[in-house]
Amino acid sequence: AQRIAGRQPKKVSYHHNPMAENHHFGTTHPMKPWRLTLTNQLVLGYGLQDYMDCYSTRAATEDELAEFHSDDYLDFLKRVTPENADSFIQQLPHFNIGDDCPIFSGMWDFCTLYAGASLDAAKKLLAGQSDIAINWSGGLHHAKKSEASGFCYINDIVLAILQLLRYHPRVLYIDIDVHHGDGVEQAFFSTDRVMTLSFHKYDKDNFFPGTGSSDDIGGGAGKHYSLNVPLKDGIDDENYLRLFKSIVRPVIETYRPASIVLQCGADSLGADRLGCFNLNLTAHGACVEFVKAFGLPLLLVGGGGYTPRNVSRLWCFETSIATDTDVGTELPPQLDQSFREYFAPEYVLHPKLGTDGRYENKNTKKHLENVRIRIMEQLRYLGG
Ligand code: ZLV
Ligand code: CA
Ligand code: ZN
């Protein structure tokens, strides 16, 4: 990698722990933590570690998790194992443990590690020791106070935002995962100190989690501070990026946050196993670049992403964007053969993802214009 000439590079911190990568949700489960191993191989292959401060993260403590989660839920998560699950059988539905959120070996370690990384990242930003802090193992936006949901057990994003709120009067949360960021929205539903903005596929009865319509706007003191951009199948680079920019700029200029948390779920890419959009790495990355250009303290977290080779391509590419480096379009020449084979058949960083014809673009100009107008209407209510 090479630094792009003529830019004032940001201080970037990379919060990472290989121990969070070796967990298995189950053989048929789409969430594959080893996608982070692949990401890190690319990051190291391009030498991006030379352009940022890399931290090996620690597990979050139970007290830190209790800033958001209930004690009985944490107690359960800490104690339950695949071996003793039988003795918790009545509690499993209560905590929404099941096929989406199974009990797997090392689950507590996995949860505390990805949450610890987001907390460390938030603290680096608060201390002014980094401008952009990255935790690709985080971004698990569906977890609730007392309940697991959609592959998420601990909501590391809520915990990180709570840290930022100690010193920052307003925090903006932006979520470009293909799913609605319901857990973060719900946690801050009735406060005006956090604005949540999620872009997602919305189909109430047929796409998880079924929330996030334009009518979903927050409540109480938080009324108009939850923003949603419901989309249909197959949105492409040009339409997504135009919509993203046309919404995010006025949101930032109106809300004037002290910091931004950007959830970079990779399941909004084309060819994702669970997603249904047609984005390429370039458009997804351009969203990160656009947010970065506002120059506010920025926390980048991961999230969904179910085609591991593309998840790793994306998050490595976005690491290069954060560090103002150019990694080109080829895979790193020094990438180990055992990792290179995952990138067949193209063996490049930027394969064309939006062209497999799996999802045609069902978003009419009219629909996109309507969702944009709904957001502009919400913004008109803010802060007098
Ligand atoms: O990417 O799941 O649709 C952040 C994130 O946003 C559902 N779950 C629930 C509601 C009833 N169901 C189905 C339960 C299926 C359980 C296993 C799968 C197994 C194999 C292949 C696909 C799935 C699956 N599950 C696809 N979509 C779901 C969603 C949850 C999506 C979570 C997205 C998480 C990390
Ligand atoms: Ca989203
Ligand atoms: Zn998702």
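Residues numbered from 1 in each chain as written. Chains lettered and ligands numbered in written order. Predicted model: local features only at pLDDT ≥ 70, side-chain atom pairs only at ≥ 80, totals over all residues. Heavy atoms only, no water.

## Some details on the confidence of the model for the protein
On average, the protein scores 97 in pLDDT, and the residues at 70 or more come to 99%. Taken together, the chains of this predicted complex give a pTM of 0.98 and an interface ipTM of 0.98. (pLDDT = per-residue confidence, 0-100.)

## A word on the coordination of the zinc ion (ligand 3)
In an ideal octahedron of six donors the angles at the metal are 90 or 180 degrees, and in an ideal tetrahedron of four donors they are 109.5 degrees. Within the protein, the atoms that donate to the zinc ion (ligand 3) are Asp177 (OD), His179 (ND1) and Asp267 (OD), at distances of 1.9 to 2.0 Å. Donor residues for the zinc ion (ligand 3), ordered by position in the chain, follow D-x1-H-x87-D. Placement of His179 in the loop between strand E5 (171-175) and helix H7 (182-187) and of Asp267 in the loop between strand E8 (259-263) and helix H9 (281-292) is noted, with a sequence separation of 88 residues between them. Residue classification places His179 among the buried positions, given a relative accessible area of 8%. (Donors = N, O, S within 2.8 Å, 3.2 Å for Na, K, Ca; no water. Helix = DSSP H or I, 4+ residues; strand = E, 2+ residues; numbered from the N terminus. Buried < 20%, exposed > 50% of the residue type's maximum accessible area, 1.4 Å probe, protein only.)

## Here's the deal with a negative patch on the surface
A cluster of acidic side chains, namely Asp63, Glu67, Asp71 and Asp72, defines a negative patch on the protein surface. Here Glu67 is to be found in the loop between helix H2 (62-65) and helix H3 (71-79). (Patch = residues over 30% accessible without salt bridge, like charges linked within 9 Å, V, L, I, M, F, W, Y side chains within 5 Å. Areas by Shrake-Rupley, 256 points an atom, 1.4 Å probe, with all protein chains shown as cover. Salt bridge = Lys/Arg side-chain N within 4 Å of Asp/Glu carboxyl O. Lys, Arg positive; Asp, Glu negative; His and termini not counted. Charge placed at Lys NZ, Arg CZ, Asp CG, Glu CD.)

## Here we look at the site of ligand 1
In the region of ligand 1, 19 residues are neighbours, and Asp100, His141, His142, Asp267 and Tyr306 sit closest. With respect to ligand 1, the side chain of Asp177 contributes an N or O atom lying 3.3 Å from an oxygen atom. In the model, an oxygen atom of ligand 1 is placed 3.0 Å from a nitrogen or oxygen of the Asp267 side chain. In isolation ligand 1 has 710 Å² of accessible area, and contact with the protein removes 67% of it. (Near = heavy atom within 4 Å. Polar contact = N/O pair within 3.5 Å; in protein donor to acceptor, adjacent residues only side chain to side chain.)

## Thoughts on the environment of Val178
With respect to the element layout, Val178 can be found in the loop between E5 and H7. Taking the C-alpha atoms as reference points, Val178 and His200, 22 residues apart in sequence, are found 4.5 Å from one another. Setting aside its immediate chain neighbours within four residues, Val178 contacts His200, Lys201, Phe207, Asp267, Ser268, Gly275, Cys276 and Phe277. (Contact = heavy atoms within 4.5 Å.)

## Looking at the pairing of strand E7 (residues 226-231)
Of all six residues in E7, six are buried, a share of seventy percent or more. Covered by surrounding structure in E7 are Ser226, Asn228 and Pro230 together with Leu227, Val229 and Leu231, the residues of both alternating faces. Pairing of strand E6 (residues 194-201) with E7, which is carried by six bridges, proceeds in the parallel orientation. Considered in E7, the bridge of Ser198 is made with Asn228. (Pairing = 2+ DSSP bridges.)

## Considerations on helix H10 (residues 308-322)
Within an α-helix, residues lying three or four positions from one another point in the same direction, as the helix has 3.6 residues per turn. In this model H10 runs 21 Å from its N-terminal to its C-terminal C-alpha over 15 residues, within 8% of the 21 Å that 1.5 Å per residue would give. Burial analysis of H10 places 14 of its 15 residues in the buried class, the great majority of the element. Backbone geometry just after H10 places Asp324 at a positive phi near 55°. (Expected span 1.5 Å × (residues − 1).)

## With respect to the packing of helix H5 (residues 107-126) against helix H6 (residues 156-164)
Running from N to C, H5 and H6 cross one another at 25°; their axes reach a closest spacing of 9 Å. Classed by the angle they form, the pair H5 and H6 counts as roughly parallel. Handedness of the crossing formed by H5 with H6: right-handed. Across the interface between the two elements, Tyr114, Ala115, Ser118, Leu119, Ala122, Lys123 and Leu126 of H5 pack against Asp156, Leu159, Ala160, Gln163 and Leu164 of H6. Looking at the contact of H5 with H6 residue by residue, the class counts come to eight nonpolar, two polar and two charged. (Axes fitted to C-alpha atoms, helices over the stretch in contact; angles between N-to-C directions. Parallel < 35°, antiparallel > 145°, perpendicular 65-115°, else oblique. Left-handed = near helix turned anticlockwise from the far one by under 90°. Nonpolar A, V, L, I, M, F, W, Y, C, P; charged D, E, K, R; others polar.)

## Points about the sheet that holds E7
A sheet is described by the order of its strands in space; here eight strands give the open sequence E3-E2-E4-E9-E8-E5-E6-E7, paired in parallel fashion. Two strands in the sheet have a free side with no partner beyond their single neighbour: strand E3 (53-56) and E7. Averaged over neighbouring strand pairs, the angle between their axes works out to 15° when direction is ignored. As paired elements, strand E2 (residues 12-16) and strand E4 (residues 132-135) share three bridges and run parallel to each other. Across the sheet, residue Tyr14 finds its bridge partner in E4, namely Ile134. Relative to the sheet, H5 contacts E2, E3, E4 and strand E9 (298-301), its axis offset from that of E4 by approximately 180°. Across the sheet, H10 is in contact with E2, E4 and E9; its angle to E4 comes to roughly 165°.

## A few points about the pattern of salt bridges
Considering all chains together, one arrives at 15 salt bridges under this definition. Across the pair Glu64 and Lys123 runs a salt bridge, and its minimum N-O distance is 3.4 Å. A residue pair is termed long-range when its members are at least 10 positions apart, and Glu64 in helix H2 and Lys123 in helix H5 qualify at 59 residues. One salt-bridge network, held together by shared partners, links Arg7, Glu289, Lys292 and Asp324.

## What about the nonpolar core?
Ranked by size, the top nonpolar core spans 68 residues in total, and within it Ile174, Leu197, Phe199, Tyr240, Phe244 and Leu300 carry the most contacts. The biggest single contributor to this core is helix H8 (residues 237-255), with nine residues. Every residue in contact with Leu300, bar those within four places of it in the chain, is listed here: Ile132, Ala133, Ile134, Asn135, Trp136, Leu262, Cys264, Val288 and Ala322. Grouped together as the second largest cluster of nonpolar side chains are 52 residues, Phe104, Met107, Phe151 and Phe188 included. (Core = buried A, V, L, I, M, F, W, Y, C linked by side-chain atoms within 4.5 Å.)

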